[in-house]
Amino acid sequence: MTQFAKILVTGATGFLGSHLLPKLTELGAEITCLVRESSDTSRLPKDVNIIRADLLTGEKLCDALYDQDILIHMAALLFGIDWQDYLNANVRCAEQIAAAMQACGQHAPKKVILISSQAATGPAGKEQPVNESTLPHPVSAYGWSKLLVERTLQSQYTRDLAILRPSIIYGSGDLGLLPVFKGIQKGIAVSP
């Protein structure tokens, strides 16, 4: 009998999580979703485990991480007012995860997959594409916070860490960019 991975997922109730969880369960993974006390879990797949913990304070975080094979960290503040919002949310969560991983010791997940953002790299030049050796130069508070999340986990997590930097992710069910697309539909031009 095949042993399937035990995966802890942060950000499971978000847009990306709603698309990732069904794929992971199809593959036979045992999924645990780390959610806030206030999270609406009604749309999570029925066959996932739920643990309520707090990424900002670290409360119950070690319990959630304990004996998981993989952590997929997708939780992030996407739309804040200023840089302090991003630091308080995104970077503080990474610090709490790193501390909880250390507290779990050998019972911490063996692999961590961080869903970061292309914003951590910054824009490409007109003549030079961006690659893994490009020196990051974020141009937004969100981008800087994602780079700091990467650096925090890199400096404190010594096992297998994969950092994925997707470009903007949107699609059916994404409420974050819905106002932009509604504006385009009404003929309102959007200029970055």
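Definitions and cut-offs
Residues numbered from 1 in each chain as written. Predicted model: local features only at pLDDT ≥ 70, side-chain atom pairs only at ≥ 80, totals over all residues. Heavy atoms only, no water. Helix = DSSP H or I, 4+ residues; strand = E, 2+ residues; numbered from the N terminus. Buried < 20%, exposed > 50% of the residue type's maximum accessible area, 1.4 Å probe, protein only. Contact = heavy atoms within 4.5 Å. Areas by Shrake-Rupley, 256 points an atom, 1.4 Å probe, with all protein chains shown as cover. Pairing = 2+ DSSP bridges. Axes fitted to C-alpha atoms, helices over the stretch in contact; angles between N-to-C directions. Core = buried A, V, L, I, M, F, W, Y, C linked by side-chain atoms within 4.5 Å. Salt bridge = Lys/Arg side-chain N within 4 Å of Asp/Glu carboxyl O.

This paragraph deals with the overall build of the protein chain. Of regular secondary structure, the protein chain possesses five helices and six strands. Across the protein chain, helices and strands are ordered from the amino to the carboxyl terminus as β-α-β-β-α-β-α-β-α-β-α. Evaluated residue by residue, the protein chain yields a buried proportion of 35% over its 192 residues. Taking as baseline every contact in the protein chain between residues at least 6 positions apart, the subset at least 24 positions apart corresponds to 64%. For the protein chain, the exposed area adds up to about 11700 Å²; of that, 56% sits on carbon and sulfur atoms.

Turning our eyes to something else, we now look at unusual backbone geometry. Even without a glycine there, the phi angle at Lys60 is positive, about 65 degrees. Along the chain, Lys60 turns up in the loop between strand E3 (49–52) and helix H2 (61–65). The partly exposed category is assigned to Lys60, whose relative accessible area is 42%. Even without being a glycine, Asp67 presents a positive backbone phi close to 60 degrees. A residue is classified by how much of its surface remains accessible, and Asp67, at 31% relative accessible area, is partly exposed.

This next bit is on the sheet that holds strand E4 (residues 70–73). Pairing is parallel in the open sheet, where six strands are placed in the order E3-E2-E1-E4-E5-E6. Both edges of this open sheet fall to E3 and strand E6 (160–164), since each of them pairs with a single strand only. Each neighbouring strand pair of the sheet contributes to a mean axis angle of 20 degrees, computed without reference to strand direction. Relative to strand E5 (residues 111–115), E4 is paired through four bridges, and the arrangement is parallel. Bridging across to E5, Ile72 finds its partner in Ile113. Docked against the sheet, helix H1 (residues 15–26) engages strand E1 (6–10), strand E2 (30–35), E4 and E5, running at close to 160 degrees with respect to E2.

Leu34, Leu61, Leu65, Ile97, Met101 and Leu153 are the most contacted members of the largest nonpolar core, which has 22 residues in total. Once you skip the residues sitting within four places of it in the chain, Met101 turns out to touch Leu65, Ala108, Pro109, Val112 and Tyr157. Listed in part, the 15 residues of the second largest apolar core include Ala12, Leu24, Cys33 and Val35.

Before going further, it helps to examine the side chain of Thr121. By secondary structure assignment, the location of Thr121 is in the loop between E5 and helix H4 (141–156). We classify Thr121 as buried; its relative accessible area is 3%. The contact partners of Thr121, leaving out residues within four places of it in the chain, are Val130, Thr134, Leu135, Pro136, His137, Pro138 and Arg165.

The next thing to look at is the pattern of salt bridges. Across all of its chains, the model carries two salt bridges by this definition. Ionic pairing is found between Asp160 and Lys111, a salt bridge with its closest N-O pair at 3.7 Å. With Asp160 in strand E6 and Lys111 in strand E5, the pair connects residues that are 49 residues apart, well separated along the chain. Residue Asp160 is classed as partly exposed on the basis of its relative accessible area, which comes to 39%. Here Arg165 and Glu150 are joined by a salt bridge, their closest N and O atoms 2.5 Å apart. A residue pair is termed long-range when its members are at least 10 positions apart, and Arg165 in the loop between E6 and helix H5 (178–185) and Glu150 in helix H4 qualify at 15 residues. Owing to a relative accessible area of 31%, Arg165 belongs among the partly exposed residues under this scheme.

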